[in-house]
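This is what each chain is made of:
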Amino acid sequence: MSSPATTEAAPPTDHFWAVVPAGGAGTRLWPLSRASSPKFLRDLTGTGRSLLQSTWDRLTPLTGPRVLVVTGVAHRAAVADQLPDLPPDQLLAEPAPRDSMAAIGWAAAVLEARDPSAVLGSFAADHVIGDEDAFRACVAEAVAAAELGYVVTIGIEPTHPATGFGYIELGDALGSGSAHAVTQFVEKPDRARAEEYLATGRFRWNAGMFVVKATVLLDLLAQWHPELATGLRALAADPSRLADVWPGLEKIAIDHAVAEPAAAEGRVAVVPGGFGWDDVGDFSSLGALLPDADGMPGVRVLGDASAVRVVDASGVVVPGGDRVVAVVGLDDVVVVDTPDALLVMSRDRAQDVKAVVDALRAEGRTDLL
């Protein structure tokens, strides 16, 4: 298969749609984030807007009303409530999670049926973006590359040798813009390899942002996973078949299904993104997004700061009950108080909260999950 032509930046067209996958329970933010109230429905930055609403605010200057949200049936009503301007036929509800390829592919099939020229940009509902103008300029350049047939990903400039993200290696520049060919996608590295990646200057974090023509995405999917592509297009043609078709769809991530094999064929481009980005993956990253509470240097509070007392302490405190939370003599601690669960840990163990969730699930304590 021949590679698409070279590209340079251009503004998005009327064919550009934002697709917002809104799923996941945010297990590393337990007990604040639960399956019934996941992180994308919560205000985690103190702005008064949920992460989902902030995503809508960030995208609609580019798309206008052309936003399609894919969520689970359990959250359909909450999403509709938080996004009152989202037309009902632009909210797709999955009967059960089938990973990112099914979710994004279903949206692509719906858009392809509506507009064969549609270009979609897939952006998760639970990410935080710093410089939104820079983000939108980056998306505009990605759309220009997608119009020429590329699968385009936006690669985030690394700020530290993170081991919790996948990485994208930049190849040759494509035209006079900032888009590059993708040499390879690499899985989450250990720290030594992450440091090597940063030293080369050729690697970017993979934030799971993809911009691509709907038809290109589905045609590429048909090349490697034909039954999945056929099933998704069948759903778009006859939505009444959802309950029958959905359970049989292959469960696979878009990276493995399309991005990685397409990169090997020279079909994937990356536009480097210099804007601040965070996936709010745990309480350590949450703390980095919050300012110091008034009168409590070194203490970040999400919620009612008047319910928090500290003495010679620092860290992240999330008061969520009717009681005062007091922290004395502890450095870099995380305290999350909810009516039915209390989490206390050192901030450097933030990734290990998932182990608590796994244990509760094994014990059948779904009431806490």
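Predicted model only: the values in this text are computed from it and were never measured.

### Some words on the overall build of the chain
- When helices and strands are counted, the chain shows eleven helices and 18 strands.
- Compactness check: the chain gives a C-alpha radius of gyration of 21 Å against a globular reference of 21 Å for 369 residues, within 12% of the reference.
- Residues counted as buried form 53% of the 369 residues belonging to the chain.
- Here the contacts in the chain between residues at least 6 apart in sequence split such that 66% fall between residues at least 24 apart.

### Comments concerning the side chain of Gln82
- Secondary-structure assignment places Gln82 in helix H2 (residues 76–82).
- A relative accessible area of 16% means that Gln82 is categorised as buried.
- Of note is the side chain of Gln82, whose polar atom sits 2.9 Å from the backbone oxygen of Leu41.
- Residues within four places of Gln82 in sequence aside, it is in contact with Phe40, Leu41, Ser50, Leu52 and Gln53.

### What about the pairing of strand S4 (residues 119–122)?
- Both faces of S4 are covered, namely the face carrying Val119 and Gly121 and the face carrying Leu120 and Ser122.
- In this structure, strand S1 (residues 16–22) lies alongside S4, joined through four bridges in parallel fashion. Looking at S4, one finds that Trp17 is bridged to Leu120.
- Bridge analysis of S4 against strand S9 (residues 203–213) gives four bridges, and the strand direction is antiparallel. Paired with Gly121 across the two strands is Val211, which belongs to S9.

### Description of the packing of helix H6 (residues 214–224) against helix H7 (residues 226–237)
- Orientation of H6 relative to H7, taken along the N-to-C sense of each, is 140°, at an axis distance of 5 Å. One element, H6, and the other, H7, form an angle in the oblique class. Where H6 approaches H7, its residues Thr215, Leu218, Asp219, Leu221, Ala222 and Trp224 are matched on the opposing element by Pro226, Leu228, Ala229, Leu232 and Arg233.
- Grouping the constituent residues of the contact of H6 with H7 by class yields eight nonpolar, one polar and two charged.

### Examining the packing of helix H3 (residues 99–114) against helix H9 (residues 254–264)
- It is at 6 Å that the axes of H3 and H9 come closest, and there the two elements cross at 75°. With respect to H9, the axis of H3 lies roughly perpendicular. Residues Ser100, Met101 and Ile104 of H3 lie in contact with H9, whose contacting residues are Ile254, Ala257 and Val258.
- When its residues are assigned to classes, the contact of H3 with H9 shows five nonpolar, one polar and no charged.

### Re the confidence of the model for the chain
- For the chain, per-residue confidence averages 93 on the pLDDT scale, and 97% of positions sit at 70 or higher.
- Confidence drops under a pLDDT of 50 for residues 5–11, and excluding neighbours within four residues, the segment shows 22 contacts in the predicted structure.

### Section: the pattern of salt bridges
- Counted under the stated rule, the structure contains 16 salt bridges.
- When the shortest N-O distance is used, the salt bridge between Arg34 and Asp340 registers 2.6 Å. A residue pair is termed long-range when its members are at least 10 positions apart, and Arg34 in the loop between S1 and helix H1 (51–63) and Asp340 in the loop between strand S17 (333–337) and strand S18 (342–346) qualify at 306 residues.
- Overall, Asp340 belongs to the partly exposed group, its relative accessible area being 42%.
- Between Asp367 and Arg365 there is a salt bridge whose closest N-O contact spans 2.8 Å.
- Where salt bridges share partners, they join Glu112, Asp219 and Arg233 into one cluster.

### Focus on the environment of Ala222
- Positionally, Ala222 belongs in helix H6.
- On the basis of relative accessibility, which here comes to 28%, the residue Ala222 falls in the partly exposed class.
- Here the alpha-carbon distance between Ala222 and Ala257, two residues 35 residues apart in the chain, equals 9.8 Å.

Basis of the calculations
- Residues numbered from 1 in each chain as written.
- Predicted model: local features only at pLDDT ≥ 70, side-chain atom pairs only at ≥ 80, totals over all residues.
- Heavy atoms only, no water.
- Helix = DSSP H or I, 4+ residues; strand = E, 2+ residues; numbered from the N terminus.
- Rg over C-alpha atoms; globule rule 2.2 N^0.38 Å.
- Buried < 20%, exposed > 50% of the residue type's maximum accessible area, 1.4 Å probe, protein only.
- Contact = heavy atoms within 4.5 Å.
- Polar contact = N/O pair within 3.5 Å; in protein donor to acceptor, adjacent residues only side chain to side chain.
- Pairing = 2+ DSSP bridges.
- Axes fitted to C-alpha atoms, helices over the stretch in contact; angles between N-to-C directions.
- Parallel < 35°, antiparallel > 145°, perpendicular 65-115°, else oblique.
- Nonpolar A, V, L, I, M, F, W, Y, C, P; charged D, E, K, R; others polar.
- pLDDT = per-residue confidence, 0-100.
- Salt bridge = Lys/Arg side-chain N within 4 Å of Asp/Glu carboxyl O.

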